[in-house]
Amino acid sequence: MDVYDAIVIGSGVNGLVAAAELATEGWHVAIVEQNDRLGGFIDSGEVTLPGYTHDTYSSWHPLFVSGGAYSTLGKALEARGLEYANTDGALTGSISTGRAALAYRDPLKTAEGFEHPEDRDAYLAMMAQMDDRANLVFGLLGSEVRSGTAVKLALGSLRTEKVKGMLDLARDAVMSGRAFGRDRFVGSEADQMWAPWLLHAGISPDSATGGMMIPVLALTMHGFGLPIVKGGSRNFVGAFERLLTEHGATFLTGRQAERIIVEDGHATGVVTDKGTIRARKAVIASVTPQALYGTLLKDANVPAPIRDQARRFRPGRAAMQIHIALDRPLTWTDERFQDVPLLHISDGSGSTGIACAQADAGVIPDTPTIVVGRQHVLDPSRVPEGKGSLWLQLQEVPWQPTADGGGTIAVDGTWTNDAVKQYLDRVLARVEEHAPGLTASILDTKVITPADLVAVNPNAVNGDPYGGSMELDQNLLWRPLPDSGKHTTVIKSLLHVGASTHPGGGLSGGAGHLAAQHVLTSAKRRTFLRK
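Thresholds, definitions, all that
- Here the residue numbers are simple positions, counted from 1 along each chain's written sequence.
- Residue-level local features of this predicted model are given only where pLDDT is at least 70; pairs of side-chain atoms are given and counted only at 80 or more, and the full residue set underlies all totals for whole chains, interfaces and linings.
- Computation of side-chain values covers all heavy atoms of the structure but excludes hydrogens and water.
- Under the scheme used here, helices are H or I runs from DSSP no shorter than 4 residues and strands are E runs no shorter than 2 residues, and both carry numbers assigned from the N terminus.
- To get the radius of gyration, use the C-alpha atoms; to get the globule rule, take the number of residues to the power 0.38 and multiply by 2.2 Å.
- Only protein chains enter the accessibility calculation, which uses a 1.4 Å probe; a residue is then buried when its area is under 20% of its type maximum, exposed when over 50%, and partly exposed in between.
- All accessible-area figures derive from a Shrake-Rupley calculation using a 1.4 Å probe, and residue coverage is judged against the displayed protein chains alone.
- In this tally Asp and Glu are treated as negative and Lys and Arg as positive; neither His nor the chain ends contributes.
- A single reference atom marks each charge: NZ on Lys, CZ on Arg, CG on Asp, CD on Glu.
- Grouping into patches uses exposed residues only, defined as over 30% relative accessible area, and leaves out salt-bridged ones; the cut-off is 9 Å for like charges and 5 Å for nonpolar side chains (Val, Leu, Ile, Met, Phe, Trp, Tyr).
- A pairing counts as a salt bridge when a side-chain nitrogen of Lys or Arg comes within 4 Å of a carboxyl oxygen of Asp or Glu.
- The reported arc concerns the directions from the helix axis to the C-beta atoms and nothing else.
- For helices, the fitted line uses only the C-alpha atoms of the stretch in contact; every axis is such a line through C-alpha atoms, and the angle between N-to-C directions lies from 0 to 180 degrees.
- Working definition: roughly parallel below 35 degrees, roughly antiparallel above 145 degrees, roughly perpendicular at 65 to 115 degrees, and oblique for all remaining angles.
- The criterion used for residue contact is that any of the two residues' heavy atoms lie within 4.5 Å.
- Note that Gly is not counted as nonpolar here; it falls among the polar residues with everything else outside the nonpolar set of Ala, Val, Leu, Ile, Met, Phe, Trp, Tyr, Cys and Pro and the charged set of Asp, Glu, Lys and Arg.
- Two strands pair under a simple rule: DSSP has to find at least two bridges between them.

Within the protein chain, the regular secondary structure consists of 16 helices and 20 strands. Over its C-alpha atoms the protein chain spans a radius of gyration of 23 Å, differing by no more than 12% from the 24 Å that the globule rule assigns to 531 residues. A total of 531 residues make up the protein chain; the buried ones form 58% of that total. When the accessible surface of the protein chain is summed, it comes to about 20700 Å², and 52% of that surface belongs to carbon and sulfur atoms. Each charge class in the protein chain can be summarised by its mean position, and for the 49 positive and 58 negative side chains these summaries are 9 Å apart.

In structure tokens form, the structure reads like this:
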């Protein structure tokens, strides 16, 4: 029987980060991955035509390069081939009929594009305020919320912000993105620019925490841009593979974890479909609460309330991806957007809020928010010379469509081939309103449906790539569960990571980083006490 210091179940960004941080500290680590490759929702390849490299799932890395995992592992990964392409100019924005808003890396240049002078001042004031709050807000996002560290952060902020400042922060934290825009700005630019980005945080413009997430997202992207991996996201995984291999890690791909072995209240191993492996020090599971408590710990002694909460853990909205090879680069009618790597087709909280409500009700949106990514703007190696490509993401998709907001797509509760094709036509028509000639320039298309997402990654329950609803009752203090709001669990030596845990969805690796640092710190403490 093979024995390791630590076993990591799942090889998405959090599994890779946890494994790498342990391995580089001399731990013998095994990664158990059901697929035949590492990476989870991090992959790239020629999914349309030869010469066109598409990031198959996730793509943009501002959360990773601004987080603790990159601070710990960045230099080692760069030494093993990880290289980013980024922008110092036009950053992101949104287009709708008769309206547009554009953000640059420079907040001042961004504010200069606002119609109302008071909004220019308000935008810069928002950035300055978020900068003042950054130690607390980003500290909480990068640490265990239920911890002494979080308490120290809060007390430190109380000394500087005083009671009024903390109350103002709390108000923003429970405010929706839509309300935040109305509260702070006269015009529509800030809302149109940033409200659609809330979808990438797993929430809608009408969700609590949006009032905090808008300045968080703005400060992050103004500060770190929208980096993508040169040559495709597969190179990100490749850098991790090289780092892990050099430090003796074992990759057990094509293996399904079936049960975590628990002895005397400690996790001591994993039963897979191809045999049992043992862990001397820790097991780290990057899975959903349902999978952890309903399958892997099915026979373990787990309190009934935790099992019940795991069963009731809610998925968020489903998603869909569309990859397109073009015979020429896309041309926007608004020339300001020609060099923008990622934009949204949305008027802000208005259209995005409606589309979210429709998807939540099982309705296919008639006017979906469309994320339009053009990685080749930053990395020309992604397409043949003179060509173009599109990375379209739809984040307001019902898992089981029961109606169509446009009244033209027949639905039966599943995404049939006809429904997918008709929705694709709707999406492309919406893009073409702002980029004439799109459909005539399409060479090939690949659609990834919600069911396809589940097939690749079982953590995407009901096609939700963000690991479960990020509504306030299932976020922060209560993520993953009300009675288990940390990465440690009721089973000693077992840690729970992944998008279902704090800080949630997105490509930060924060959960893996926190789990690895906890395990390392605990091991050093035990060693010290034995001396």
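Here the narrative resumes, following the displayed structure.
So, on to a nonpolar patch on the surface. Taken together, Val-151, Leu-155, Leu-158, Val-163 and Leu-167 make up a surface patch of nonpolar side chains, about 460 Å² in accessible area. Here Val-163 shows up in helix H6 (residues 148–174).

A few words on helix H11 (residues 289–296). Along H11, the residues classified as buried are Pro-289, Leu-292, Tyr-293 and Leu-296. On an axial view of H11, the arc spanned by its buried residues comes to 125°, and they lie on one face.

To continue, consider the packing of helix H5 (residues 117–141) against helix H9 (residues 210–224). Across the interface, H5 lies against H9 with an axial gap of 9 Å and an inter-helix angle of 95°. Between H5 and H9, the crossing angle belongs to the class labelled roughly perpendicular. Of the residues in H9, those in contact with Tyr-123, Met-126, Met-127, Met-130, Asp-131, Arg-133, Ala-134, Val-137, Phe-138 and Leu-141 of H5 are Met-212, Ile-214, Pro-215, Val-216, Ala-218, Leu-219, Thr-220 and His-222. For the contact of H5 with H9, a count of residues per class yields 14 nonpolar, two polar and two charged.

Residues other than glycine predominantly adopt negative phi, and peptide bonds predominantly adopt the trans conformation. The amide bond that connects Arg-479 to the next residue, Pro-480, takes the cis arrangement and shows omega of 5°. Residue placement: Pro-480 occurs in the loop between helix H15 (450–456) and strand E20 (494–497). That bond from His-502 to Pro-503 is cis: its omega, 5°, falls within 30 degrees of zero. Tracing the backbone through its elements, the reader meets Pro-503 in the loop between E20 and helix H16 (510–530). A positive phi angle, close to 55°, is found at Asp-264, a residue other than glycine. Look at Asp-264 and you get exposed, because its relative accessible area is 80%.

With that settled, the discussion passes to the environment of Leu-16. Relative to the helices and strands, Leu-16 resides in helix H1 (residues 13–23). Taking the C-alpha atoms as reference, Leu-16 lies 8.4 Å from Leu-38; in sequence the two are 22 residues apart. Leaving out residues up to four positions away in the same chain, Leu-16 has contacts with Ser-11, Ile-31, Leu-38, Gly-39, Phe-240 and Leu-244.

All right, on to the sheet that holds strand E19 (residues 442–448) then. Across the sheet, seven strands lie side by side as E7-E6-E14-E16-E17-E13-E19; this open sheet has mixed pairing. Because the sheet does not close on itself, it has two edges, and the strands there are strand E7 (99–104) and E19. Taken over all neighbouring pairs, the strand axes of this sheet differ in orientation by 15° on average, direction set aside. Pairing analysis gives three bridges linking strand E16 (residues 370–373) to strand E17 (residues 388–397), with the strands arranged antiparallel. Within E17, the position partnered with Val-372 by the bridge is Leu-392.

Attention now goes to the pairing of strand E12 (residues 275–286). Sheet topology places strand E1 (residues 2–9) next to E12; seven bridges connect them, and they run parallel. Across the sheet, the residue bridging to Ile-7 is Val-283, located in E12. Pairing of strand E11 (residues 266–272) with E12, which is carried by four bridges, proceeds in the antiparallel orientation. Bridged to Gly-269 within E12 is Arg-278. Inspection of the sheet shows E12 paired to E20 by four bridges, in the parallel sense. Directly across from Ile-284, in E20, lies its bridge partner Leu-495.

No statement about biological role is implied by the geometric values presented.
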